[in-house]
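Tertiary structure, described
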Amino acid sequence: MPSVASMTGYAAADGKTPAGSVTVECRSVNSRFLDLTLRLDEKLRFAEPAIRERLQKRLTRGKVELRMSLAEDESLLPASVNTAALKRLHALQEAIVEADPFARKLSVAEILEMPGIAQAPVTDRDELQAAILELVDRTLDQFVAARVREGEALTRVLLGYCDKMSEVVKEVRAAMPQIIAQLEARLSERLGNALTSALAEKSTLTKEEVADRIRQEVTLYAIKMDVDEEMNRLETHLGEVRRLLKSGGAVGRKLDFMAQEMNREANTLGSKAAAIEMTNASLALKITIDQMREQIQNLE
């Protein structure tokens, strides 16, 4: 089962290749998509397509930068001289000196810098690319492991937020019967006082009909204030968040969507708040959801 991974991470590795010692560094930060930047030594740039393919297979999101430097092996420096080229250069030099007696002859160092004089061993590109990719794979193993470790830590934090919100939902559910009963009592008293005085002088309604009308209004108000549906949806969303975290993989976008939906339910709870307990619960949920979203932004 794939693990939940963070989008931030760092890893480095080095090793020997046919061209010399190569050092690879890989780092990443948050990004909506997979954004790859490769900074390679010029002599290793031929392997960029294969390296990019490796990264795309292992990573799905994040702004990733991979740097690769080369320290050439001294044993790979030019070890022989192109005798034919040297003779041609010597002949040209003699002709120039004969034509211009003041012309200065080349030093050994200058001769070695001339193109085609010094010969270096030819490096097999296929062999070099295989060594480079092996080193990239080793770096990616460490890099992915680091992102998974951070992802596991973030998962524990997110599950803690889920537990915190579940506790708020539990408290709201437990308090709702008493809140609704108090609202009904206050509303019944106000409506009773208002309607009784208004209908006392002139009305065809009986006291029983007035009382029944008051009960209807109180019931409608209680229905509007009931948040059981919102609490059910919020608990469903929390269950889905826990399921996604357990299933693992690239869940960042899905969790971000779930956070938006949970925030919607918290806002609805706030809009229906008819008691300080409901207002406090809505505020606590929204704060926790914002904290969740900040952490979710770090997930792949």
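Residues numbered from 1 in each chain as written. Predicted model: local features only at pLDDT ≥ 70, side-chain atom pairs only at ≥ 80, totals over all residues. Heavy atoms only, no water.

**With respect to the overall build of the protein chain**
When helices and strands are counted, the protein chain shows eight helices and six strands. For the protein chain, the N- to C-terminal ordering of α and β elements is β-β-β-α-β-β-α-α-β-α-α-α-α-α. Scored against the burial criterion, the 300 residues of the protein chain give a buried share of 35%. The contacts in the protein chain between residues at least 6 apart in sequence include a share of 80% that link residues at least 24 apart. (Helix = DSSP H or I, 4+ residues; strand = E, 2+ residues; numbered from the N terminus. Buried < 20%, exposed > 50% of the residue type's maximum accessible area, 1.4 Å probe, protein only. Contact = heavy atoms within 4.5 Å.)

**As for the sheet that holds strand E4 (residues 62–72)**
Hydrogen bonding along the main chain pairs the strands of a sheet, whether they run parallel or antiparallel. Here four strands make up an open sheet; going across it, the order is E1-E2-E4-E3 and the pairing mixed. Each edge of the open sheet carries a strand with a single partner, namely strand E1 (9–17) and strand E3 (34–40). Shown here is a sheet whose adjacent strand axes are inclined to one another by a mean of 15°, direction ignored. Examined bridge by bridge, E1 and strand E2 (residues 20–29) share nine bridges and lie antiparallel to one another. Within the sheet, the bridge partner assigned to Ala-12 lies in E2 and is Glu-25. Here helix H1 (residues 48–58) sits on the sheet in contact with E3 and E4, set at roughly 145° to E3. (Pairing = 2+ DSSP bridges. Axes fitted to C-alpha atoms, helices over the stretch in contact; angles between N-to-C directions.)

**Comments concerning the side chain of Arg-147**
Inspection of the secondary structure puts Arg-147 in helix H4 (residues 125–200). Here the side chain of Arg-147 touches Ser-28 through a polar contact of 3.0 Å, side chain to side chain. A distance of 3.1 Å separates polar atoms of two side chains, one belonging to Arg-147 and the other to Glu-300. Dropping the residues within four chain positions of it, Arg-147 is found in contact with Ala-5, Ser-6, Met-7, Thr-8, Gly-9, Ser-28, Leu-59, Arg-61 and Glu-300. (Polar contact = N/O pair within 3.5 Å; in protein donor to acceptor, adjacent residues only side chain to side chain.)

**Let's talk about the pattern of salt bridges**
Applying the stated criterion across every chain, the model contains 21 salt bridges. With its nearest N and O atoms 3.8 Å apart, the salt bridge here joins Glu-230 to Arg-233. In this pair, Glu-230 and Arg-233 both sit in helix H6 (residues 228–247), three residues apart, roughly one turn of the helix. A relative accessible area of 4% means that Glu-230 is categorised as buried. Judged by relative accessible area, Arg-233 falls into the partly exposed class, the value being 31%. Linking Arg-233 and Glu-265 is a salt bridge whose minimum nitrogen-to-oxygen distance equals 2.9 Å. Of this pair, Arg-233 sits in helix H6 while Glu-265 sits in helix H7 (residues 252–271), and the two are 32 residues apart along the sequence. (Salt bridge = Lys/Arg side-chain N within 4 Å of Asp/Glu carboxyl O.)

**What to know about the packing of aromatic side chains**
Counted under the stated rule, the structure contains zero aromatic pairs. Here the basic side chain of Arg-125 rests over the ring of Phe-46, its NZ or CZ set 4.5 Å away from the ring centre. (Phe/Tyr/Trp six-rings, centres within 6.5 Å; stacked < 30°, edge-to-face > 60°. Lys NZ or Arg CZ within 6 Å of the ring centre and 35° of its normal.)

**Regarding the confidence of the model for the protein chain**
Model confidence for the protein chain is summarised by a mean pLDDT of 83, while 78% of its residues fall at 70 or above. Of all secondary-structure elements in the protein chain, the lowest mean pLDDT belongs to helix H5 (residues 207–225), at 57, while E3 reaches the highest, 96. (pLDDT = per-residue confidence, 0-100.)

**Overview of helix H8 (residues 276–296)**
End to end, H8 covers 30 Å across 21 residues, agreeing with the expected 30 Å (1.5 Å per residue, within 8%). Where H8 is concerned, the buried positions are Met-278, Ala-281, Ser-282, Leu-285, Thr-288, Ile-289, Met-292 and Ile-296. Around the axis of H8, the buried residues are gathered within 140° of arc, so they sit on the same side. Relative to its buried face, H8 has exposed residues pointing more than 90 degrees away, namely Ile-276, Leu-283 and Glu-294. (Expected span 1.5 Å × (residues − 1). Arc of directions from axis to C-beta.)

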